[in-house]
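A structural walkthrough
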Amino acid sequence: MRQGDQAIDATVGNGHDTLFLAEKVGPSGRVFGFDIQAEAIGATQARLDASSLADRVILFQACHSTLSDCFEGEIRAAMFNLGYLPGGDKTLVTRTATTLTAVAAALSRLMPGGLLTVMVYPGHPGGDDEAEQVESWAAGLDSENFAVEIHRWKGRTATPPRLIAIERRAPV
Ligand SMILES: C[S@@+](CC[C@H](N)C(=O)[O-])C[C@H]1O[C@@H](n2cnc3c(N)ncnc32)[C@H](O)[C@@H]1O
């Protein structure tokens, strides 16, 4: 990440990843953050205010599948942390169909050398299918243009999370 970059936090939740991205893009950069829950938007806004970084972040209480309509230009990074809000309502989870729309939209804005990450959590209702489908979408990307790495933790549970990282290759 460089000063002045644009980035997406597609699932702001409690705002930890948003804050991380806001620090990285610097005062002239922008982070676009999405969450469907007012509670998550409020928690993230409070975290940014406490760190005096709110002016670099634009928050949308909206589904991340709408992200293409919300800003112009390319991004250097996009982070998706799927599932439910820790400490919140566990029935309000990301869903396979909108997640697939959103990751494809974010990838289409990713600049060469940029990175898109997706943390997937099998184990909760709908989580297994979402994890499988995102992984299979990533595995099917054109390897000429995208480098894909999938990290599986050996977990304490039968369904540990996975990190899917996709880099848009810079032209040679
Ligand atoms: C695991 S939490 C994110 C944690 C967050 N990255 C952090 O640092 O605290 C997942 C979040 O995704 C949100 N979410 C669920 N469906 C969504 C959707 N369609 N679009 C955007 N956010 C969504 C949930 O409301 C929840 O806050």
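It should be noted that the structure appears before, not after, this text.
A brief structural summary. Keep in mind that what you see is a predicted model, and the values were worked out from it rather than measured. (Residues numbered from 1 in each chain as written. Predicted model: local features only at pLDDT ≥ 70, side-chain atom pairs only at ≥ 80, totals over all residues. Heavy atoms only, no water.)

1. With respect to the overall build of the protein chain
Scanning the protein chain for helices and strands turns up four helices and seven strands. When the helices and strands of the protein chain are read in sequence order from the N terminus, they spell out β-α-β-α-β-β-α-β-α-β-β. Taking 172 residues into account, the globule formula puts the C-alpha radius of gyration at 16 Å, and the protein chain, at 15 Å, falls close to it. In terms of overall dimensions, the protein chain has C-alpha extents of about 45 × 40 × 30 Å along its principal axes. The 172 residues of the protein chain split such that 45% are buried. For the protein chain, contacts bridging at least 24 residues in sequence account for 72% of all contacts bridging at least 6. (Helix = DSSP H or I, 4+ residues; strand = E, 2+ residues; numbered from the N terminus. Rg over C-alpha atoms; globule rule 2.2 N^0.38 Å. Buried < 20%, exposed > 50% of the residue type's maximum accessible area, 1.4 Å probe, protein only. Contact = heavy atoms within 4.5 Å.)

2. Section: the packing of helix α1 (residues 16-25) against helix α2 (residues 38-50)
Axis angle and axis distance: for two packed helices, these are the angle between their axes and the distance between the axes, and together they describe the pair. One can describe the packing of α1 onto α2 by two numbers: an axis separation of 9 Å at closest approach and a directional angle of 40 degrees. Classified by the interaxial angle, the pair formed by α1 and α2 is oblique. Crossing geometry of α1 relative to α2 is assigned as right-handed. Residues H16, T18, L19 and A22 of α1 touch α2, and the partners they reach there are T44, R47 and L48. A class-by-class count of the residues in the contact of α1 with α2 yields three nonpolar, three polar and one charged. (Axes fitted to C-alpha atoms, helices over the stretch in contact; angles between N-to-C directions. Parallel < 35°, antiparallel > 145°, perpendicular 65-115°, else oblique. Left-handed = near helix turned anticlockwise from the far one by under 90°. Nonpolar A, V, L, I, M, F, W, Y, C, P; charged D, E, K, R; others polar.)

3. Digging into the side chain of H64
Residue position: H64 is located in the loop between β3 (57-61) and β4 (75-81). For H64, a relative accessible area of 6% corresponds to the buried category. In terms of polar contacts, H64 uses its side chain to reach the backbone carbonyl oxygen of A10, at 2.9 Å. Setting aside residues no more than four positions away along its own chain, H64 makes contact with A10, T11, F34, F80, T94, T98, T99 and A102. (Polar contact = N/O pair within 3.5 Å; in protein donor to acceptor, adjacent residues only side chain to side chain.)

4. A short note on the sheet that holds strand β7 (residues 162-168)
Taken in spatial order, the seven strands of this open sheet run β3-β2-β1-β4-β5-β7-β6, and their pairing is mixed. Since the sheet does not close on itself, it has two edges, and those belong to β3 and β6 (146-152), each with one partner. For this sheet, the mean angle separating the axes of adjacent strands, direction not counted, is 10 degrees. Relative to β7, β6 is paired through seven bridges, and the arrangement is antiparallel. Opposite I150, over in β7, you have I164 as the bridge partner. On the sheet, α1 packs against β1 (6-9), β2 (30-35), β3 and β4 and is oriented at approximately 175 degrees with respect to β1. (Pairing = 2+ DSSP bridges.)

5. A word on the packing of aromatic side chains
For the structure shown, the criterion picks out two aromatic pairs. On the basis of an interplanar angle of 10 degrees and a centroid distance of 4.3 Å, the ring pair of F32 and F71 is categorised as stacked. Residue F32 is found in strand β2, and its partner F71 is found in the loop between β3 and β4; the two are separated by 39 residues along the sequence. Just above the ring of F71 sits the side chain of R109; from NZ or CZ to the centre is 4.6 Å. (Phe/Tyr/Trp six-rings, centres within 6.5 Å; stacked < 30°, edge-to-face > 60°. Lys NZ or Arg CZ within 6 Å of the ring centre and 35° of its normal.)

6. Here we look at the pattern of salt bridges
If you walk through the whole model with that rule in mind, you get four salt bridges. When the shortest N-O distance is used, the salt bridge between E132 and R162 registers 3.2 Å. Of the two residues, E132 is situated in helix α4 (residues 127-139) and R162 in strand β7; the sequence distance between them amounts to 30 residues. Here E135 and R152 are joined by a salt bridge, their closest N and O atoms 2.6 Å apart. (Salt bridge = Lys/Arg side-chain N within 4 Å of Asp/Glu carboxyl O.)

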